[in-house]
Amino acid sequence: MELTPAGVGQVTYILPERCVQKKKRDKIKALLAGGIEKPDVLVQGWVRTRRDSKGGFSFIEINDGSCLANIQVIVDRKIPAETVRQLTAGCCVSARGNLTRSPGKEQALEVQAAEVTVHGTADPEHYPLQKKRHSFEFLREIAHLRPRTNTMGAVMRVRNRLAYSIHRFFNDRGFVYLNTPIITTSDCEGAGEMFQVTTLDLSSAPKANGEIDYAQDFFGQKAGLTVSGQLEGEVYALALSDIYTFGPTFRAENSNTSRHLAEFWMVEPEMAFYDLDDNMDLAEEFVKYLLADVLEHCAEDMEFFNSRIDNTVLSNLTHIAREKFERITYTDAIHQLRKANGNFVFPVEWGCNLQSEHERYLTETVYKRPVIVYNYPEEIKSFYMKLNEDHETVRAMDVLLPRLGEIIGGSQREENHDVLLQRIQAKGLKPEDYWWYLDLRRFGSAPHSGFGLGFERFVQFVTGMENIRDVIPFPRTPKSAKF
Ligand code: ATP
Ligand code: MN
């Protein structure tokens, strides 16, 4: 079939012709959203439950992952008994018949199946996901089956919507999506946290002067997995103006917390001609945009999180999407924390890192909203952050969310070559390792800024899930990369 062009310049395309006339599958989401009766539908998915009636027919609930809700299918008496026996939780089926109004109170519509095909059985003796609820710890042990639970299905649909909406946010504003390298030889900030990449046999690695000779390694030098795409992002921002990365990031930090993964996804926009205020404005707009979008487009899943996981999630997100974020300097944050009079495990004084308990106190007790803390002490922040006139603080900013703490870390970057060089040296780093980064300040340097948002942390915040391991399909954490 040829599509009619809608106007000059519009490209037409031809749809593939189907060789065999085959009944097309109906997704459950579309059937339920349609809300009306429909003859001859084909539902395909996995059985969640089966009930048998005295009248000789059975009710099965099918889920196909397109939405949280199952569809009820009435299995006709004419369907052979051996087929019905196979219809147990976990099995995969096709059911074909009319979609009709349901007399039951639980659902508006149901399928009167005239035809049922079992594609894959699931022996009830062994299938681990029977009716009862399982702990998230247990489900992590069966990461290959947990996507068939209500919670994981809802998490993954929300995660998908957020990813889509991140791309939309930036593309609508003229940002270019950039893929920065996963394998890197610039062991920038997080040297200690970097996973090494090598093809050398560690038990018999070639040595030079008593140390491993990386000249003989695959890349001819020591390489690792990226801890951030920022430095490479800056390279492209100083040519394309506004870019963003959205890719996997690796940190070998041995922090076994509910907010850290060894492999996570990070969103890192980098913008030429943005100062720190512009950077904070973009970060605030970004967070609010994502929250408003997910509330609108994942309403069913969000209701589920609110009723089953955390009953404050809907009101919190709505509130945060509407209210202004508080912005305070690091120095003011320290004042606020000291007023709390030592009610913290980690003592507070100017120059200390903000711990999770401090972040929560600021967002939950003092301001009751997200807080952006900016102008941090130079000593506790990275070499590339722009030095303020006071020579004590840098133009860094962290966005802190209630309950979760830090979601975004960012800064205006140092654009002055000599100041940057001096800070690289002062931090004990080798300028020759950063020659290309310094070059950006020698040739057409420009003021610029950027930030990084941890994608899983954000999904965690949106869904109210307690553990970051339950918002990524296959979590990697210390001592755990089984699947
Ligand atoms: P934290 O202090 O919370 O460990 P960080 O300051 O080391 O984080 P940044 O280097 O600023 O993190 O990274 C930017 C963002 O990436 C953070 O604000 C956070 O949302 C996310 N992030 C950092 N480390 C991890 C991790 N191990 N697992 C998941 N997300 C992370
Ligand atoms: Mn940070």
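The present account deals with the structure reproduced in this document. (Residues numbered from 1 in each chain as written. Chains lettered and ligands numbered in written order. Predicted model: local features only at pLDDT ≥ 70, side-chain atom pairs only at ≥ 80, totals over all residues. Heavy atoms only, no water.)

Further remarks concern the overall build of the protein chain. A count of helices and strands for the protein chain gives 13 helices and 18 strands. Counting only contacts in the protein chain whose residues sit at least 6 apart along the sequence, the fraction spanning at least 24 positions is 66%. When the accessible surface of the protein chain is totalled, it reaches about 25,000 Å², and 50% of it is carbon and sulfur. When the 58 basic and 67 acidic side-chain charges of the protein chain are each reduced to a single mean position, those positions are 9 Å apart. (Helix = DSSP H or I, 4+ residues; strand = E, 2+ residues; numbered from the N terminus. Contact = heavy atoms within 4.5 Å. Areas by Shrake-Rupley, 256 points an atom, 1.4 Å probe, with all protein chains shown as cover. Lys, Arg positive; Asp, Glu negative; His and termini not counted. Charge placed at Lys NZ, Arg CZ, Asp CG, Glu CD.)

Across its 23 residues, helix 4 (residues 150–172) extends 33 Å between first and last C-alpha, which sits within 8% of the 33 Å expected from 1.5 Å per residue. One or two residues past the end of helix 4 sits G174, with phi positive at roughly 80°. (Expected span 1.5 Å × (residues − 1).)

Once that is clear, we can look at the environment of G464. For G464, the location among the structural elements is in the segment after helix 13 (455–463). As for G464 and H297, which are separated by 167 residues in sequence, their C-alpha atoms are 17 Å apart. Beyond its immediate sequence surroundings of up to four residues, G464 is in contact with I309, D310 and V313.

Spatial ordering of the open sheet is given by 6-12-13-18-17-16-15-14, a layout of eight strands whose pairing is mixed. The two strands at the open ends of the sheet, each matched to only one other strand, are strand 6 (176–177) and strand 14 (326–329). As judged from the two bridges shared by strand 6 and strand 12 (residues 242–250), these two strands associate in the parallel manner. Residue pairing across strands places Y177 opposite Y244, the latter belonging to strand 12. Against the sheet, helix 4 makes contact with strand 6, strand 12 and strand 13 (263–272), and its axis sits at roughly 150° relative to strand 12, the strand it touches most. (Pairing = 2+ DSSP bridges. Axes fitted to C-alpha atoms, helices over the stretch in contact; angles between N-to-C directions.)

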